[in-house]
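Working through the structure, step by step
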Amino acid sequence: MSLSEKPIGIFDSGIGGLTVLKEIIKELPAENTVYLGDTARVPYGIRSPETVGKYSIENSDFLMSKGIKVLVVACNTSSSISLLSLKKNLSVPVVGVVEPGARAAVARSRTKKIAVIGTETTIKSDSYKKAIQSADSTAEVTGIACPLFVPLVEEGWLEGDVVTLTAEKYLAGVKDLGVDTIVLGCTHYPMIKDVIADVVKIPLIDSAVETAKEVHNVLRENKILRNNGGEPSREFFVTDSPEKFAETGKIFLGRAISNISKITVGA
Ligand code: DGL
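What this report covers is the structure whose coordinates are included nearby. (Residues numbered from 1 in each chain as written. Predicted model: local features only at pLDDT ≥ 70, side-chain atom pairs only at ≥ 80, totals over all residues. Heavy atoms only, no water.)

Our next topic: the packing of aromatic side chains. One pass over the full model with this rule turns up seven aromatic pairs. Ring centres of Phe149 and Tyr170 lie 5.4 Å apart, and the angle between their planes is 85°; on these two criteria the pair is classed as edge-to-face. A residue pair is termed long-range when its members are at least 10 positions apart, and Phe149 in helix α7 (residues 149–154) and Tyr170 in helix α8 (residues 161–171) qualify at 21 residues. On the accessibility criterion, Tyr170 (22% relative accessible area) is partly exposed. With centroids separated by 6.1 Å and ring planes inclined at 55°, the aromatic side chains of Phe236 and Phe245 adopt a geometry described as tilted. (Phe/Tyr/Trp six-rings, centres within 6.5 Å; stacked < 30°, edge-to-face > 60°. Helix = DSSP H or I, 4+ residues; strand = E, 2+ residues; numbered from the N terminus. Buried < 20%, exposed > 50% of the residue type's maximum accessible area, 1.4 Å probe, protein only.)

As structure tokens, this is what we get:
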């Protein structure tokens, strides 16, 4: 099989990374894709860097065994903790979600006061802060962990009082910071971006959209864009509950999901 025919590999802690896959399909509709959701071990956002690092290596090893041509680390928590070591150790290009989101935020912001919202582990890692400040050392970055957003979205609560009140509780103070750009630094947050936008009234950067553009650039630069007109293949692997993945995942992906296999990764 030629390199360009090989699939793009994408992993996430669970279903959230489907928001990234959705943007990749929009940006690169002809590409074959293989997605791994580590649904048995989600959430990653409350786990230690050591544990997230171990899971990220195991997920990457599984996707490498599928013969992928590029790896996309769709999980913001994994990208925050593991991107550098995956880039160093894998023989294919690796794209994370942090840098594309950070670069887009710097390009958009006029005040260079930027807020990033994400899981506890992502915010504690300062990954976005470092990426934003390496693009512009004068930028002021405030990180806000919003841990309840993930279970709300997982539950399918994408609007209504509870989500709005939760967003208000986390984000009411953001207006006083002079921030003019907020980065959605978690796979799940694009699903509630209208609620967040209503509460903060500040432009949002969707890391998923920016990451899809970055994947396109990487394939173009490496001359491995698929140019075969045939129908692309879509494979899905999960470490638990394929039925739940199919049911909730279709809301994330915006289309029905078939071809899901349950597998085990790691020891
Ligand atoms: N995928 C995770 C992220 O983007 C959110 C869910 C989790 O905590 O595992 O950070």
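Once you've had a look at it, read on.
This paragraph deals with unusual backbone geometry. The residue after Val42, namely Pro43, is reached through a cis peptide bond having omega 5°. Notably, Asp126 is not glycine yet its phi reads approximately 60°, a positive angle. Structurally, the position occupied by Asp126 is in the loop between α5 (120–125) and α6 (127–135). Phi is positive for Lys201, which is not a glycine, with a value near 55°. By the secondary structure assignment, Lys201 is in the loop between α9 (193–200) and β8 (204–206).

The element strand β5 (residues 113–118) is largely enclosed, with a buried count of five among its six residues. Pairing analysis gives six bridges linking β5 to strand β6 (residues 140–145), with the strands arranged parallel. Paired with Ala115 across the two strands is Thr142, which belongs to β6. With five bridges connecting them, β5 and strand β7 (residues 181–185) associate as parallel partners. From the neighbouring strand, Ala115 faces β7, where its bridge partner is Ile182. (Pairing = 2+ DSSP bridges.)

Over the atoms, a rolled probe matching the size of one water molecule traces out where space is still vacant. This structure, assessed with the given rule, holds one cavity of 30 Å³ or more. What lines the largest cavity is simply Val20, Ala74, Asn76, Val97, Leu184, Cys186, Thr187, Pro190, Asp206, Ser207 and Ala208. Split by residue class, the lining of the largest cavity holds seven nonpolar, three polar and one charged. (1 Å grid on protein atoms, 1.4 Å probe; cavity = no way out; pocket = protein on both sides within 12 Å on 5 of 7 lines; lining within 4 Å. Points joined across faces, edges and corners; volume = space filled by probe spheres on them. Nonpolar A, V, L, I, M, F, W, Y, C, P; charged D, E, K, R; others polar.)

As a further point, take the side chain of Ser60. Mapped onto the elements, Ser60 comes out in helix α2 (residues 49–64). Given a relative accessible area of 1%, Ser60 falls into the buried group. Residues in contact with Ser60, not counting those within four places in the same chain, are Phe11, Leu71, Leu86 and Leu90. (Contact = heavy atoms within 4.5 Å.)

On to the site of the ligand. Taken together, 13 residues lie around the ligand, and Asp12, Ser13, Tyr44, Gly45 and Thr77 are the ones closest in. With respect to the ligand, the side chain of Ser13 contributes an N or O atom lying 2.6 Å from an oxygen atom. Taking Thr187, its side chain carries an N or O atom lying 2.9 Å from a nitrogen atom of the ligand. Protein coverage of the free-state accessible area of the ligand, which is 290 Å², stands at 99%. (Near = heavy atom within 4 Å. Polar contact = N/O pair within 3.5 Å; in protein donor to acceptor, adjacent residues only side chain to side chain. Areas by Shrake-Rupley, 256 points an atom, 1.4 Å probe, with all protein chains shown as cover.)

Relative to each other, helix α4 (residues 98–108) and α6 sit at 50°, their axes nearing to 9 Å. Between α4 and α6, the interaxial angle falls into the category oblique. When the axes of α4 and α6 are compared, the crossing they make is right-handed. Of the residues in α6, those in contact with Val98, Glu99, Ala102 and Val106 of α4 are Ser127, Tyr128, Ala131, Ile132 and Ala135. For the contact of α4 with α6, a count of residues per class yields seven nonpolar, one polar and one charged. (Axes fitted to C-alpha atoms, helices over the stretch in contact; angles between N-to-C directions. Parallel < 35°, antiparallel > 145°, perpendicular 65-115°, else oblique. Left-handed = near helix turned anticlockwise from the far one by under 90°.)

To continue, consider α2. Between its first and last C-alpha, α2 extends 22 Å over 16 residues, near the 22 Å set by a 1.5 Å rise per residue. Regarding α2, the residues found buried are Val52, Gly53, Tyr55, Ser56, Glu58, Asn59, Ser60, Phe62 and Leu63. Looking at the buried side of α2, the elements it contacts are β1 (8–12), β2 (33–37), β3 (70–73), α3 (76–89) and β9 (234–238). (Expected span 1.5 Å × (residues − 1).)

With that settled, the discussion passes to the pattern of salt bridges. Applying the stated criterion across every chain yields a total of ten salt bridges. Residue Arg226 pairs with Glu5 through a salt bridge whose shortest N-O separation is 3.0 Å. Remark: Glu5 occurs in the segment before β1 and Arg226 occurs in the loop between α10 (207–221) and β9; sequence separation between them is 221 residues. On the basis of relative accessibility, which here comes to 8%, the residue Arg226 falls in the buried class. Residues Asp38 and Arg41 are paired through a salt bridge, measuring 2.7 Å at the closest nitrogen-oxygen approach. Of the two residues, Asp38 and Arg41, both sit in the buried class. Connected via shared salt-bridge partners are Asp38, Arg41, Lys54 and Glu58. (Salt bridge = Lys/Arg side-chain N within 4 Å of Asp/Glu carboxyl O.)

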